[in-house]
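One-letter residues, chain by chain:
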Amino acid sequence: QGIIEKSKMKGIPVIIDADGLWLIAQQPSIIQGYEQAILTPNFMEFSRLYEAVLRDPVDSNDHHGSVLRLSQAMGNLTIVQKGEKDLISDGEKVVVCSHEGSSRRCGGQGDLLSGSLGVLAHWALVAGPEKTNGLNPSLVAAFGACSLTRQCNNQAFQKHGRSMTTTDMISELGTAFSKLFET
Ligand SMILES: *[C@@H]1O[C@H](CO)[C@@H](O)[C@H](O)[C@H]1NC(C)=O
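Residues numbered from 1 in each chain as written. Predicted model: local features only at pLDDT ≥ 70, side-chain atom pairs only at ≥ 80, totals over all residues. Heavy atoms only, no water.

Per an unreviewed UniProt entry, the protein chain carries the name ATP-dependent NAD(P)H-hydrate dehydratase and comes from Latimeria chalumnae.

> Break down the pairing of strand E5 (residues 94-97) for me, citing the residues and quoting the values.
The pairing of strand E4 (residues 86-89) with E5 spans four bridges and is antiparallel. Within E5, the position partnered with Leu87 by the bridge is Val96. Remark: four residues form the turn of the hairpin made by E4 and E5, two consecutive strands paired antiparallel; Gly91 in that turn has positive phi of roughly 90°. (Pairing = 2+ DSSP bridges. Helix = DSSP H or I, 4+ residues; strand = E, 2+ residues; numbered from the N terminus.)

> Any details on the domain arrangement of the protein chain? Residues and values, ideally.
Along its sequence, the protein chain is carved into domain 1 (1-97) and domain 2 (109-182). The straight-line distance from the C-alpha centre of domain 1 to that of domain 2 is 19 Å. Facing the 21 residues of domain 1 at the interface are 17 residues of domain 2. Both faces considered, domain 1 and domain 2 share a buried interface measuring about 1,500 Å² in area, 71% of it formed by carbon and sulfur atoms. Remark: the boundary between domain 1 and domain 2 carries one salt bridge. (Domains from an automatic or database assignment. Contact = heavy atoms within 4.5 Å. Buried area = accessible area lost by both parts, 1.4 Å probe. Salt bridge = Lys/Arg side-chain N within 4 Å of Asp/Glu carboxyl O.)

> Please provide a residue-by-residue account of the UniProt feature "domain: YjeF C-terminal" (unreviewed entry) in the protein chain, values included.
When the UniProt feature table is mapped to this numbering, "domain: YjeF C-terminal" (unreviewed entry) covers residues 1-180. Along residues 1-180 one finds 54% helix and 10% strand; the C-alpha atoms at either end are 35 Å apart. (UniProt positions renumbered as here; feature names shortened; annotations may be inferred.)

Here it is in structure tokens:
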């Protein structure tokens with residue numbers, strides 16, 4: 001909580017995952033309205049947060065609307081709902097990342113997403129709006145990080161199949177990055 005408050009005071013972007021999301025679900029006001037924040041919940045974490053903030057269960061027939069509503073209720077900070085497809089919203093748009101991965105998800109894969117998102121969010125903010133075609137830089141960064149993680153998953157699965165671990169995915173980062181962003 002202290003780190004989040006200091007980051008807000010200094011205008012430093014923050015990515016919040018896992019235990020951090022647990023904290024936010026207990027006390028949403030810690031982060032509400034801080035547009036430099038990006039939250040990366042899985043479906044379970046998303047539901048917990050949604051119920052805490054909107055005081056309503058998630059509408060399982062409307063995943064897009066739910067992500068949009070939670071982002072707006074949090075003051076338009078960026079939400080990345082990880083899943084079979086990743087749903088990303090900044091309170092205005094909902095972007096879907098369905099870049100091909102594989103049928104396997106590894107424990108720790110979310111750390112690869114939030115870690116690469118930290119880098120891409122920084123780059124997108126420094127690059128400025130003309131480099132992100134006027135789109136919210138956090139939205140662009142989130143789409144990039146989701147695509148990158150899925151590309152790593154795809155490449156590692158081709159080599160290791162069902163025995164793939166997140167470490168195998170990390171080994172693919174360099175080539176996945178080149179393939180997506182440097183060709
Ligand atoms: C969030 O974004 C929506 C859509 O652009 C806008 O209508 C709303 O006023 C914004 N909310 C805040 C708190 O800025």
